[in-house]
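Chain residues, written in single-letter form:
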Amino acid sequence: MAGKSRSGHRIEPSFAGDRDRDDDEVSIDADDRIGRGRSSRRDDDEPRRVKQSRGRSSGGRRKPPRRSGGGFFGFIRSLIYWCLVLSIWLGIGVAGLVFYYGSRMPSASTWEIPARPPNVKINALDGSTLANRGTTGGEAIALADMSPYIPQAIVAIEDRRFYSHFGVDPLGLARALVTNLLTGHTVQGGSTLTQQLAKNLFLSPDRTLERKVQEVLLALWLEHKYTKDEILSMYLNRVFFGANAFGVEAASQRYFGKSARDVNLGEAAMLAGLVKAPSRLSPNRDPAAAQARAQVVLQAMRDQGYITDADIKTAMSQPPTRAKSYWNGAQNYVADMVMDQLPGLIGGDIKEDLVVDTTVDTKLEAKAEEMLTDALDHDGKKVNASQASLVTVDGTGAIRALVGGKDYGESQFNRAVKAKRQPGSSFKPFVYAAALEMGLTPYSMRNDAPVKIGNWTPENDERKYMGPVTLAVALAHSINTVAAQLAMEVGPDNIIKLAHRVGIDSELQPNASIALGTSEVSLLELTSSYAAFMNGGYKATPHVITKVTTASGKVLYQANFADPPRVLSETVATNLDAMLAGVVTAGTGRAARIPGWQVAGKTGTSQSYRDAWFVGFTSNLTTGVWFGNDDGKSMKRVTGGFLPARTWSKFMTAASKGLTPTPIFGGGEIIDNGLPVAQDGSGQTLESIISNVLNGNSANNAQQQPETQVRTGTLPPPTPAEAKAQIQAQARAAAATDGQEPVDIPPSVPDDDSNNPYASQRGDMVPPMDVGEAPRAPPPRRHRTTLLDLIMGQ
């Protein structure tokens, strides 16, 4: 049988060639291949198996063939292979990171562009930009409204493939990587404008992998949702340019003092250069570095075909205009004032871009700042005056100029609005106005002599006394004793009521010293109160904002001051204005004269020369000026008739340039109401006053008069000749102190001096008195049309 004939030994096949075979090896026959006789031949074949094993161990087995394709090309193939493998794994890793960090972000369906912080654009009277207020420092403007050089410069230097990439620029990233490796430090950035916008809108500036991944995702979203121009517009209106300026409009106003609509090629290149390093390349900090960077931007614009070599030459020949420092300029006091008032006018917080129209005249504002600066630079150190402020308003109370201090950059405290100071004698017009309302006239007489009111003894400057004087002369020479007597006659409460009625808002103390201005007020409220004297007796509410609108044109607030209440009668306003005109023509305010113009006003000096004031008006404007020190230190005998009056005159002369001189309200004429006064409460009888005059006890010997206690009494009438002689003597004495002849009230006063209490040597006409042999009717007087009458349609 076949099974029995098979050898019991297993025969291992050999794969060696014939030449490797041993002579003793036995070939495998057909029977062996099919497995027959396996068991019967096992023992016989055992030696052969051993023999084969020896042959293999001795090297008889054939080696496998060597693979082809080695050398350089093999290396390249291996490199490509492993790069592909690495790329796959890197892609998997990046995808994992993107998925991980993306999952930490809100859902894309909730993404939206955050609102730009609101800006308040504050315009002057002529529509020009006075200032911007807000986090950004400037309004947002459309791409089409900008100077075309601005977007071209930004794209050229920051992202030259902006209009071709999809939000991320692989080529730009690779270029930046190579450049940085070659130079050994960071020279270029790989972020696109879209990525920069995404970072500015949504992310923190932290340099982390998570922030970078999120930046890329947001950039892709922006590119999907918005057009290229919309993305560029958002970028230009939000990017930081230094100096607290966000957006091209804010930066253009900061550095060049003009709108981004008007910048030229060189200025646009400088703005674009700032984006790289806003602080280091600021033209205010390092003009040379800013200019060098601008040249790099110009070259980039030329390389990309935006401009030509001729354009570069033109740009280099026109150096950028340089605006003065943003934190300087008196207009910033006005801007701060606007921001303080704005929430109350619009009924809440500012939530969107607003445009505020104001009453400020930029020319007057600049002139006011110049005058105060010149005065302090010229005389400040000599007289120990370090600060000053100025306010000017028209007859409605509209603020035309306001300067709150010497230098806004050094101190933002608004001394014209927020500082409360003792006005000194500049408060006396309220006392005299209250006296006129009670029936006294400018011709009413009081005795300038030492007087005691309770435990208080008011004294004149240098303790000199003039004796019997009219109220007109007493106000012109700022006589303290007469003002104190009037305060007690009228009553402090009535003076306070009148002051509040015409415009004083500060709390006033109801005491006798109120006549000398011991209660503190601000320059703005004092000046606007004088405007009620100037306009003929109407309330002049101080205001600086005329209209507030949104960026879309919706009106949120509209001022209306066309119908002010009357706070003084026409007669009182006319007589008070005539008396205040006498302060300038023959009294303490002579330094405030303006050639050709009729001027009225009042000086004021507080105790120990801490504050010096002059507040006055022409027919057009009312202006107040203050000099002093923030720490309350005394100046070197600076009175209201010196530095403030002189500065007032210079400013008002400039403000009146080109205008036709017109008289003040009432023309400086005095109206006599013709009512005899039986009791005027002067404190002594008129008989004793006349006796003093007849006995020679006038201005030369008034200091020898005894103290007068304030009390009421019956007043016999003086003779007309005596009253006239007394007024003429006072007018001559006033003129003598000035070293020149008496100055008459300006042009509108008629040749007949019957209504001029300061007249001297003008014939034999006797001025009307509040007492006399027979009251005389006032001369006919034509009503003069005022600005307020025109506004009210009268």
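Structural data are supplied above this passage.
This text gives an overview of the structure that appears in the document. Keep in mind that what you see is a predicted model, and the values were worked out from it rather than measured.

1. Let's talk about helix α16 (residues 428–437)
Alright, step 1. In terms of burial, α16 is a largely internal element, nine of the 10 residues being buried.
Alright, step 2. Where α16 is buried, its residues touch α17 (471–476), α18 (480–490), α19 (492–502), α20 (523–534), α21 (570–586) and β11 (600–605).
Alright, step 3. After α16 finishes, the residue G439 shows a positive phi value of roughly 115°.

2. Concerning the sheet that holds β11
Alright, step 1. Pairing within the open sheet is antiparallel, and its five strands lie in the order β5-β4-β13-β12-β11. The outermost strands of the open sheet, each flanked by one partner alone, are β5 (399–403) and β11. For this sheet the average axis-to-axis angle between neighbouring strands, irrespective of direction, equals 5°.
Alright, step 2. Pairing between β11 and strand β12 (residues 611–617): six bridges, direction antiparallel. For K602, the partnering residue across the bridge sits in β12 and is V615.

3. Brief notes about the environment of P564
Alright, step 1. Positionally, P564 belongs in the loop between β10 (555–558) and α21.
Alright, step 2. Linking P564 and A540, residues 24 residues apart in sequence, is a C-alpha distance of 7.1 Å.

4. Concerning a nonpolar patch on the surface
Alright, step 1. Together, F72, F73, F75 and L79 line one region of the surface with nonpolar side chains, adding up to about 490 Å² of accessible area.
Alright, step 2. Examined against the element boundaries, L79 turns out to sit in helix α4 (residues 72–103).
Alright, step 3. The class of L79 is partly exposed, set by a relative accessible area of 42%.

5. Thoughts on the side chain of D577
Alright, step 1. Relative to the helices and strands, D577 is located in helix α21.
Alright, step 2. Residue D577 is classed as buried on the basis of its relative accessible area, which comes to 0%.
Alright, step 3. Once residues lying within four places of it in the same chain are set aside, the contact partners of D577 are F533, M534, A600, F617, I664 and F665.

What counts, and where the lines are drawn
- Residues numbered from 1 in each chain as written.
- Predicted model: local features only at pLDDT ≥ 70, side-chain atom pairs only at ≥ 80, totals over all residues.
- Heavy atoms only, no water.
- Buried < 20%, exposed > 50% of the residue type's maximum accessible area, 1.4 Å probe, protein only.
- Helix = DSSP H or I, 4+ residues; strand = E, 2+ residues; numbered from the N terminus.
- Contact = heavy atoms within 4.5 Å.
- Pairing = 2+ DSSP bridges.
- Axes fitted to C-alpha atoms, helices over the stretch in contact; angles between N-to-C directions.
- Patch = residues over 30% accessible without salt bridge, like charges linked within 9 Å, V, L, I, M, F, W, Y side chains within 5 Å.
- Areas by Shrake-Rupley, 256 points an atom, 1.4 Å probe, with all protein chains shown as cover.
- Salt bridge = Lys/Arg side-chain N within 4 Å of Asp/Glu carboxyl O.

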